[in-house]
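Working through the structure, step by step
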Amino acid sequence: MNYPFEKVADGAEETKLIAEEFAEELNGGDLVLFHGNLGSGKTFFVRSVCSALGIDGVTSPTFSLVNEYHGEKKVFHIDLYRIEKADEFENIGLYDYLSDEDAVKFVEWAELFPEQLKDYDFLITIEYIDDNKRKIKIERK
Ligand SMILES: Nc1ncnc2c1ncn2[C@@H]1O[C@H](COP(=O)(O)OP(=O)(O)OP(=O)(O)O)[C@@H](O)[C@H]1O
Ligand SMILES: [Mg+2]
């Protein structure tokens, strides 16, 4: 994959192919941030990457805040949507998750806390174009 990678995915199946290609780029310890609106496809992308890593049944961490999985790699799937202040990071143990050097960390709604997430490896921005089309941009820090 060459960076920045940018493509309009015409249908969820095409997004899944991009996610599978991206899964091969990941190393243990990587921090992957997601930017993109409600329903843009962040969880869908993470689910597809995880599936490629041998992890099935990924669900949205909107309420759990953090989901942990073990497949080919250890994965933390984090959703910051319901976090109001960075103060809460400490209580939830988010800094511990983010500093885990073995796990791949996927963070939805990273745009809400840029100051706390400066040290990332990949930034994936998903833009809604229409019901089936999404513009997917993958940048490497
Ligand atoms: N090309 C596409 N790529 C990704 N998802 C698509 C595409 N076309 C349609 N979809 C659909 O869009 C929806 C995206 O929902 P998803 O939960 O992944 O969004 P999200 O960005 O995680 O939202 P939230 O901010 O609420 O967590 C899914 O139902 C998915 O099937
Ligand atoms: Mg989501």
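Here the structure is shown first, and the text comes after it.
Throughout what follows, the structure given in this document is the object of discussion. (Residues numbered from 1 in each chain as written. Chains lettered and ligands numbered in written order. Predicted model: local features only at pLDDT ≥ 70, side-chain atom pairs only at ≥ 80, totals over all residues. Heavy atoms only, no water.)

**Concerning the layout of surface pockets**
Taken as a whole, the largest pocket spans an internal volume of roughly 160 Å³. In terms of lining residues, the largest pocket is bounded by Gly-29, Leu-31, Tyr-95, Leu-98, Ser-99, Lys-105, Gln-116, Leu-117, Lys-118, Asp-119 and Asp-121. Across the lining of the largest pocket, the residue classes tally to four nonpolar, three polar and four charged. (1 Å grid on protein atoms, 1.4 Å probe; cavity = no way out; pocket = protein on both sides within 12 Å on 5 of 7 lines; lining within 4 Å. Points joined across faces, edges and corners; volume = space filled by probe spheres on them. Nonpolar A, V, L, I, M, F, W, Y, C, P; charged D, E, K, R; others polar.)

**Considering the site of ligand 1**
Near ligand 1 lie 18 residues; those nearest to it are Thr-15, Lys-42, Thr-43, Phe-44 and Asn-132. Ala-12 is positioned with one of its backbone polar atoms (N or O) 3.5 Å from a nitrogen atom of ligand 1. Contact between ligand 1 and Gly-39: an oxygen atom at 2.9 Å from a main-chain N or O atom of the residue. About the coverage of ligand 1: the protein hides 74% of its 650 Å² of free accessible area. Among the elements of the structure, α1 (12-23) and α2 (42-52) are those that each provide at least two residues to the shell around ligand 1. The leading source of residues in the shell around ligand 1 is α2, at three residues. (Near = heavy atom within 4 Å. Polar contact = N/O pair within 3.5 Å; in protein donor to acceptor, adjacent residues only side chain to side chain. Areas by Shrake-Rupley, 256 points an atom, 1.4 Å probe, with all protein chains shown as cover. Helix = DSSP H or I, 4+ residues; strand = E, 2+ residues; numbered from the N terminus.)

**With respect to the sheet that holds strand β7 (residues 133-140)**
With mixed pairing, the seven strands of this open sheet are ordered in space as β1-β7-β6-β2-β5-β4-β3. Because the sheet does not close on itself, it has two edges, and the strands there are β1 (5-10) and β3 (66-70). Within the sheet, the average angular offset between the axes of one strand and its neighbour, ignoring direction, is 15°. Helix-sheet contacts for α1 involve β1, β2 (31-35), β6 (122-128) and β7, and the interaxial angle to β1 is about 150°. (Pairing = 2+ DSSP bridges. Axes fitted to C-alpha atoms, helices over the stretch in contact; angles between N-to-C directions. Contact = heavy atoms within 4.5 Å.)

**Some points on the nonpolar core**
Formed by 25 residues in total, the largest nonpolar core has its most connected members in Phe-22, Val-32, Phe-45, Val-49, Phe-106, Ile-124 and Ile-138. Not counting residues within four places of it along the chain, the set of residues in contact with Val-49 comprises Ala-19, Phe-22, Ala-23, Leu-26 and Phe-106. If you look at the next biggest cluster of nonpolar residues, it comprises 18 residues, including Ile-78, Leu-80, Ile-83 and Leu-94. (Core = buried A, V, L, I, M, F, W, Y, C linked by side-chain atoms within 4.5 Å. Buried < 20%, exposed > 50% of the residue type's maximum accessible area, 1.4 Å probe, protein only.)

**Some details on α1**
Count 3.6 residues to each turn of an α-helix, and residues three or four apart come out pointing the same way. With twelve residues, α1 should cover 16 Å at 1.5 Å per step; its first-to-last C-alpha distance of 16 Å lies within 8% of that length. All of the buried residues along α1 are Thr-15, Ile-18, Ala-19, Phe-22 and Ala-23. Down the axis of α1, the sector holding all buried residues measures 145°, keeping them to one side. Along α1, the residues that are exposed and aim more than 90 degrees away from the buried face are Glu-13 and Leu-17. Contacts from the buried residues of α1 go to β1, β2, α2, β6 and β7. (Expected span 1.5 Å × (residues − 1). Arc of directions from axis to C-beta.)

**Regarding the environment of Thr-15**
Structurally, Thr-15 is set in helix α1. A relative accessible area of 6% places Thr-15 in the buried class. Those residues in contact with Thr-15 that lie beyond four places of it in its chain are Ala-9, Phe-44, Phe-45 and Ile-136.

**Describing α2**
Taken residue by residue, α2 has Lys-42, Thr-43, Phe-45, Val-46, Ser-48, Val-49 and Cys-50 as its buried positions. Those residues of α2 that are buried are in contact with α1, β2, β4 (74-79), β5 (104-108), β6 and β7. Two residues or fewer past α2, Gly-54 is found with a positive phi of approximately 85°.

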